[in-house]
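Examination of the molecular architecture
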Amino acid sequence: MSKTIRIDGKEIPFEEGQTIMEAASAADVYIPHLCHHPDYTPHGSCKLCSVQVNGRNCTACTFPALEGQDIISQSQELQEDRQRITQMLFVEGNHFCPGCEKTGNCQLQAVGYYLNMLDNHFPHFYARREMDASHPDILIDHNRCIFCNLCVRASREKDGKNVFAISGRGINKRLVVNSSSGQLKDSDIDVNDSAVHICPTGAILIKRQGFRVPIGQRIYDHHQIDEVALEQESESHGR
Amino acid sequence: MADKIRVATTSLAGCFGCHMSLLDIDERMLQLVDLVEFDRSPITDIEHCTNCDIGLIEGGVCNSENVHVLREFRKNCKILVAVGACAINGGLPAIRNYMALEDCLKEAYIDGIGIENAQIPSDPELPLLLDQVHPIHEVVKVDYFLPGCPPSADVFWTFFTDLLEGRQPKLPYELVHYD
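Since the model is a prediction, treat every value here as computed from it, not as a measurement.

Once that is clear, we can look at the sheet that holds strand E2 (residues 36-38) of chain B. Residue and element names in this part refer to chain B. Pairing within the open sheet is parallel, and its five strands lie in the order E2-E1-E3-E5-E7. Looking at which strands have only one partner, the edges of the open sheet turn out to be E2 and strand E7 (144-146). Strand-to-strand, the axes of this sheet are offset by a mean angle of 25°, without reference to chain direction. Where strand E3 (residues 52-58) meets strand E5 (residues 77-83), six bridges bridge the pair, whose relative direction is parallel. Paired with Cys52 across the two strands is Cys77, which belongs to E5. Along the sheet, helix H3 (residues 64-76) contacts strand E1 (5-11), E3 and E5; its crossing angle with E5, the most-contacted strand, is approximately 135°.

As structure tokens, this is what we get:
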């Protein structure tokens, strides 16, 4: 007999060693997330997947599924917390969707849609951040980095290259490139690397791809992020 | 006329695209004007806002006149609505926030290509530019937000019909777009 946890009153089976996120996703239950990807070591930094486990808040992507857990995910309180977190991500970066070529394919934007986020609530930082357009095929716009660490993990764990790292703390936190000049052109990154394709926002872009798919025909123009994420990730989760 | 809902609209640091989108409600405008009366608006060319039920604000806050107009709307409108990306997060005008204001003025009036008799305008009648462009919720309390660049005509229609029929305005997923 398989072990089960309860998420929002629904019995979910799990296997030993799975996280709550993995068990939920394998059972087609969506928990909002940005820094999580089933192919990489959990990071637990974005906090969007915070759920209440037996009355205590935990991140579903890092917390193990254990027999008898009673988990709340879809409460109004948690959805409001997630909306505030998403609003903070928007005001701490410079996310101007009308001027971003990732619009419609952007997971940050799609999470905002999913949470019915209509405004940014907080005062904007308007932080001054640079772009790195030095590489012939790849562009980094630091204005849009949410420090999810996915490119760091993908470069290290899948590409075996260690191109990226997060440096500094608080407002001075930034994505850095492992090269003598600190510029992308002097690193050993390649346009086919997983790290280049994993960014959930428009921070890492491939050049000469913009508007290949017109606005209005992009992923989240027609599909909510819960159905897209479950379809793309459940196979890896259920592995 | 007296029992109609009074609506005022204005554009601060915006491109009037949100107003154009409002006009995109097309023939439904005839239904709307049976229910609402426009006060200050580019549609009426009335200079000052008087007591209104709804104030629609397009654009962000980039100069002293924007602050003045915004406060006049807040004082006179029972419900204030931030319309579009610029009103909500500063939008594309806020891209100048990454440069010093002096550099922006120099680029526009001194160093730009083809400029003759270069000088930065300093007429006392011109509103003073703010150091940065701000979303309107950083200046006044805002009651509702209609995201989009611009919000579609259906967003305006859904918002108006919900409000006029006594429902809490709610945008379905397919109408929430930031771009």
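Now that the structure has been shown, the text picks up again.
The next thing to look at is the nonpolar core. Membership of the largest hydrophobic core comes to 73 residues, with the highest contact counts inside it found for A:Phe164 and B:Leu56. Ranked by residues supplied to this core, first place goes to helix H6 (residues 153-164) of chain B with seven residues. Formed jointly, this core draws a minimum of three residues from each of two domains, domain 1 (3-74) and domain 2 (81-210) of chain A. Ignoring anything within four residues of it in the chain, the contact list for A:Phe164 reads A:Ile140, A:Cys151, A:Val152, A:Ser155, A:Leu175, A:Val176, A:Val177, A:Leu184, A:Ile189, A:Ala195 and A:Ile204. Residues B:Val61, B:Leu80, B:Ala87 and B:Val140 belong to the second largest nonpolar core, which totals 19 residues.

Our focus in this paragraph is the sheet that holds strand E10 (residues 204-206) of chain A. All names here are of chain A. Pairing is antiparallel in the open sheet, where three strands are placed in the order E6-E7-E10. Strands at the two margins of the open sheet, each flanked by one partner only, are strand E6 (131-132) and E10. Pairing geometry for E6 and strand E7 (residues 138-141), over two bridges, is antiparallel. Bridge pairing links Met131 to Asp141 in E7.

Below, the discussion takes up the interface of chain B and chain A. Across the contact, 28 residues belong to chain B and 30 residues belong to chain A. Counting the surface chain B buries against chain A, the share from its top three residues, B:Tyr98, B:Tyr173 and B:Tyr178, is 36%. Counting across the interface, chain B meets chain A through twelve residue pairs in polar contact (both at pLDDT 80 or more). Contributions of two or more residues to the side of chain B that touches chain A are made by helix H4 (84-89) and strand E6 (129-134) of chain B. For the side of chain B that touches chain A, the residue count by class is 17 nonpolar, eight polar and three charged.

On to the pattern of salt bridges. Residues and elements named next belong to chain A. Evaluation of the coordinates by the stated rule reveals 17 salt bridges over all chains. A salt bridge links Glu11 to Arg6; the nearest nitrogen and oxygen atoms lie 3.0 Å apart. With a shortest N-O distance of 3.7 Å, Arg144 and Asp141 are connected by a salt bridge. Asp141 shares its class with Arg144; the two are buried.

What counts, and at which threshold
- Residues numbered from 1 in each chain as written.
- Chains lettered and ligands numbered in written order.
- Predicted model: local features only at pLDDT ≥ 70, side-chain atom pairs only at ≥ 80, totals over all residues.
- Heavy atoms only, no water.
- Pairing = 2+ DSSP bridges.
- Helix = DSSP H or I, 4+ residues; strand = E, 2+ residues; numbered from the N terminus.
- Axes fitted to C-alpha atoms, helices over the stretch in contact; angles between N-to-C directions.
- Contact = heavy atoms within 4.5 Å.
- Core = buried A, V, L, I, M, F, W, Y, C linked by side-chain atoms within 4.5 Å.
- Buried < 20%, exposed > 50% of the residue type's maximum accessible area, 1.4 Å probe, protein only.
- Domains from an automatic or database assignment.
- Buried area = accessible area lost by both parts, 1.4 Å probe.
- Polar contact = N/O pair within 3.5 Å; in protein donor to acceptor, adjacent residues only side chain to side chain.
- Nonpolar A, V, L, I, M, F, W, Y, C, P; charged D, E, K, R; others polar.
- Salt bridge = Lys/Arg side-chain N within 4 Å of Asp/Glu carboxyl O.

Distances and angles like these do not, on their own, reveal function.
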